[in-house]
Amino acid sequence: MNKRTRTQVGIVGAGPAGLVLSHLLHLQGIESVVVENCSRKHVEERVRAGVLEQNTADLLTQMGVGERMQQEGLVHYGIELRFNGRGHRIDFKELTGNGIVIYPQHKVLNDLNEARIAAGAEVLFEVQDVSVHDLTTSTPLIRFRKDGIDHELGCDFIAGCDGFHGICRPSIPSGALTVYERDYPFGWLGVLAEAPPASHELIYTLHERGFALLSMRSPTISRLYLQCKPDEDIGQWSDEQIWSELRVRTAAENWGLPEGRILQKGVTGMRSFVVESMQHGRLFLAGDSAHIVPPTGAKGLNLAVADVQVLARGLVEFYKNRHKAELDRYSETCLRRVWKVQRFSWWMTSMLHRFPDENPFDYRRQLAELDYVTSSQAAAKSLAENYVGLPMD
Ligand code: RFL
Ligand code: PHB
């Protein structure tokens with residue numbers, strides 16, 4: 001059986017990019033259908049980002065999905081950089097006037113799904129065999145199967161919000177794209193623990209044995225990371241070894257790391273990746289489908305949300321005034337921010353990790369860089385303004 005339907009904007013992927021776009025369009029009276037190959041439960045349980053820029057938090061509030069974030073989110077006005085066994089605070093409030101909000105990605109997605117459902121939206125989970133077609137015509141379409149029925153969804157535009165491993169980017173002829181990428185010779189071993197956060201703000205540490213990050217999800221749940229080999233076998237790490245390594249890397253005078261039951265652990269690879277252009281005909285790539293940053297700058301989700309703000313603006317301009325100029329400039333507009341965020345994420349990563357091929361000179365240089373960043377107001381301000389989020393174009 002074959003079912004044919006139509007919408008204005010077809011969205012592939014119900015991650016942060018897809019759901020924010022769908023809700024932004026709805027608020028402007030533009031129709032969309034979201035197709036997602038995982039279940040809603042799976043999407044809402046994946047442990048991922050935790051840091052929202054002020055821009056992202058403000059947007060969620062303006063969209064009417066910020067209520068729980070305002071109640072449960074933890075507003076932070078700084079981070080600590082720790083090296084040589086000493087901590088140094090970067091004061092975001094003093095340096096930029098802004099802060100960040102600690103609120104987990106899975107709650108952002110749950111809030112968005114609730115809002116989309118309340119608005120009667122079509123968000124189709126557990127669809128199979130999604131493919132996109134006729135991208136360079138004015139009538140592109142999405143094909144997929146759901147509950148054994150083949151669907152053909154005709155659209156005016158398609159938003160490829162299907163993450164790094166999605167199908168949208170590979171559907172663009174390879175000759176039409178340029179890929180820029182860099183792999184890092186390490187990964188992050190991340191754990192979620194039933195332990196109160198070590199400090200009221202995040203602590204980024206450089207130690208001779210590698211990077212460690214102490215983050216949090218709530219006043220009772222910590223999120224902790226250790227630099228590890230890119231292909232680290234998590235099975236080789238007992239909970240006690242993880243705590244012991246975290247203790248060693250984050251050690252400081254008169255300070256102890258609160259410990260507790262480890263609820264979840266995993267290894268994440270690190271890469272920088274950008275595809276140019278982010279658009280092909282009537283297909284627009286947004287979020288991780290177009291770019292990946294190493295997580296050290298806490299930027300992936302925020303960048304995904306920034307992309308779809310630009311895309312929503314272009315689509316509104318098209319439907320309200322029949323002007324396509326903003327849409328035609330979509331990739332160019334997004335890439336200016338994307339490259340600045342790439343630079344910042346690469347810089348934070350390079351400053352805070354041990355590279356296997358580096359020598360004692362490099363380590364001294366990294367320590368000098370941290371000393372500079374934490375003692376020069378100009379350098380600290382540069383870190384702070386990037387971390388809390390550069391202004392939207
Ligand atoms: P997502 O979240 O990957 O969503 C894509 C969605 O598309 C679906 N999909 C498909 N649907 C239909 N058909 C197909 N063929 C499909 N293929 C895939 C997927 O199931 C999924 O639901 O991409 P999006 O929306 O671009 O959002 C990107 C963010 O999720 C990502 O950048 C962040 O999680 C990165 N990130 C962080 N970002 C921050 O801003 N702040 C942080 O503190 C932060 N910490 C992190 C992070 C990512 C991490 N990991 C695990 C990669 C910490 C970690 C450890
Ligand atoms: C997190 O809490 O998961 C987190 C925080 C800061 C980062 C990356 C991840 O830079």
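Residues numbered from 1 in each chain as written. Chains lettered and ligands numbered in written order. Predicted model: local features only at pLDDT ≥ 70, side-chain atom pairs only at ≥ 80, totals over all residues. Heavy atoms only, no water.

**Some words on the site of ligand 2**
- Close contacts around ligand 2 come from 14 residues, with Tyr-204, Ser-215, Arg-217, Tyr-225 and Pro-295 the closest.
- A distance of 2.6 Å separates an oxygen atom of ligand 2 from a polar side-chain atom of Tyr-225.
- At 2.8 Å from an oxygen atom of ligand 2 is found a main-chain nitrogen or oxygen belonging to Pro-295.
- For ligand 2, the protein covers 96% of the area, taking 280 Å² as the surface of the free molecule.
- Put simply, the parts of the chain that give the shell around ligand 2 at least two residues each are strand S16 (210–216) and strand S17 (222–228).
- A per-class count over the shell around ligand 2 returns eight nonpolar, three polar and three charged. (Near = heavy atom within 4 Å. Polar contact = N/O pair within 3.5 Å; in protein donor to acceptor, adjacent residues only side chain to side chain. Areas by Shrake-Rupley, 256 points an atom, 1.4 Å probe, with all protein chains shown as cover. Helix = DSSP H or I, 4+ residues; strand = E, 2+ residues; numbered from the N terminus. Nonpolar A, V, L, I, M, F, W, Y, C, P; charged D, E, K, R; others polar.)

**Some words on the nonpolar core**
- In this structure, Val-20, Leu-21, Val-35, Ile-142 and Leu-315 are the most contacted members of the largest nonpolar core, which totals 76 residues.
- Sorting elements by how many residues they give to this core places helix H8 (residues 300–321) first, with 12 residues.
- Those residues within four positions of Ile-142 in sequence are excluded, and the remaining contacts are Gly-10, Ile-11, Val-12, Val-35, Val-130, Ser-131, Val-132, His-151, Glu-152, Leu-153, Cys-155 and Ile-158.
- The next biggest cluster of nonpolar side chains, apart from the first, holds 37 residues, and it includes Phe-92, Leu-202, Leu-352 and Val-388. (Core = buried A, V, L, I, M, F, W, Y, C linked by side-chain atoms within 4.5 Å. Buried < 20%, exposed > 50% of the residue type's maximum accessible area, 1.4 Å probe, protein only. Contact = heavy atoms within 4.5 Å.)

**Examining the sheet that holds strand S11 (residues 141–146)**
- Here we have four strands laid out as an open sheet, ordered S1-S12-S11-S10, and mixed in their pairing. Looking at the sheet topology across the chains shown, the edges are occupied by strand S1 (2–6) and strand S10 (128–133). In this sheet, adjacent strand axes meet at a mean angle of 20° when their direction is disregarded.
- Pairing between S10 and S11: four bridges, direction antiparallel. Note that in S11 the partner of Ser-131 across the bridge is Arg-143. (Pairing = 2+ DSSP bridges. Axes fitted to C-alpha atoms, helices over the stretch in contact; angles between N-to-C directions.)

**Quick notes on the sheet that holds strand S15 (residues 203–207)**
- Read from one edge to the other, the open sheet built from eight strands follows the order S7-S6-S15-S16-S17-S14-S18-S21, with strand pairing classed as mixed. Because the sheet does not close on itself, it has two edges, and the strands there are strand S7 (86–91) and strand S21 (291–292).
- In this sheet, S17 lies alongside strand S14 (residues 178–194) in antiparallel orientation, the contact comprising seven bridges. Paired with Leu-189 across the bridge in S17 is Leu-226.

**Section: helix H6 (residues 105–118)**
- With 14 residues, H6 ought to run about 20 Å at 1.5 Å a step, and its terminal C-alpha atoms sit 20 Å apart, in line with that.
- What H6 keeps buried is the set Gln-105, Val-108, Leu-109, Asp-111, Leu-112, Asn-113, Ala-115 and Arg-116.
- Looking one or two places after H6, you find Gly-120, whose phi comes out positive at around 75°. (Expected span 1.5 Å × (residues − 1).)

**Digging into the domain arrangement of the protein**
- Along its sequence, the protein is organised into domain 1 (3–78 + 101–180 + 272–347) and domain 2 (185–270 + 354–388).
- Each of domain 1 and domain 2 has a C-alpha centre, and the two are 29 Å apart.
- With 22 residues of domain 1 in contact, the opposing surface of domain 2 contributes 21 residues.
- Carbon and sulfur atoms supply 63% of the area buried between domain 1 and domain 2, which totals about 1,800 Å² over both sides.
- Area buried by domain 1 at its contact with domain 2 is led by Val-47, Thr-296 and Trp-347, which between them contribute 28% of it.
- Where domain 1 touches domain 2, the interface holds zero salt bridges.
- Across the domain 1-domain 2 interface, the total number found is eight residue pairs in polar contact (both at pLDDT 80 or more).
- Mapped by element, the contributors of at least two residues to the side of domain 1 that touches domain 2 are strand S4 (51–53), strand S5 (74–76) and helix H10 (330–352).
- Considering every element that reaches the side of domain 1 that touches domain 2, the biggest residue donor is H10, with three residues.
- Grouping the amino acids of the side of domain 1 that touches domain 2 by side-chain chemistry returns 12 nonpolar, six polar and four charged. (Domains from an automatic or database assignment. Buried area = accessible area lost by both parts, 1.4 Å probe. Salt bridge = Lys/Arg side-chain N within 4 Å of Asp/Glu carboxyl O.)

**Some words on unusual backbone geometry**
- The step from Glu-276 to Ser-277 runs through a cis peptide bond, and the omega angle for that step is 5°.
- With respect to the helices and strands, Ser-277 occurs in the loop between strand S18 (261–276) and strand S19 (279–280).
- One non-glycine residue, Asp-134, adopts positive backbone phi at about 55°.
- Within the fold, Asp-134 resides in the loop between S10 and S11.
- Asp-134 gets classed as partly exposed once you look at its relative accessible area, which sits at 41%.
- The residue Asn-254 is not glycine, and still its phi comes out positive at about 50°.
- Note that Asn-254 resides in the loop between helix H7 (239–250) and S18.

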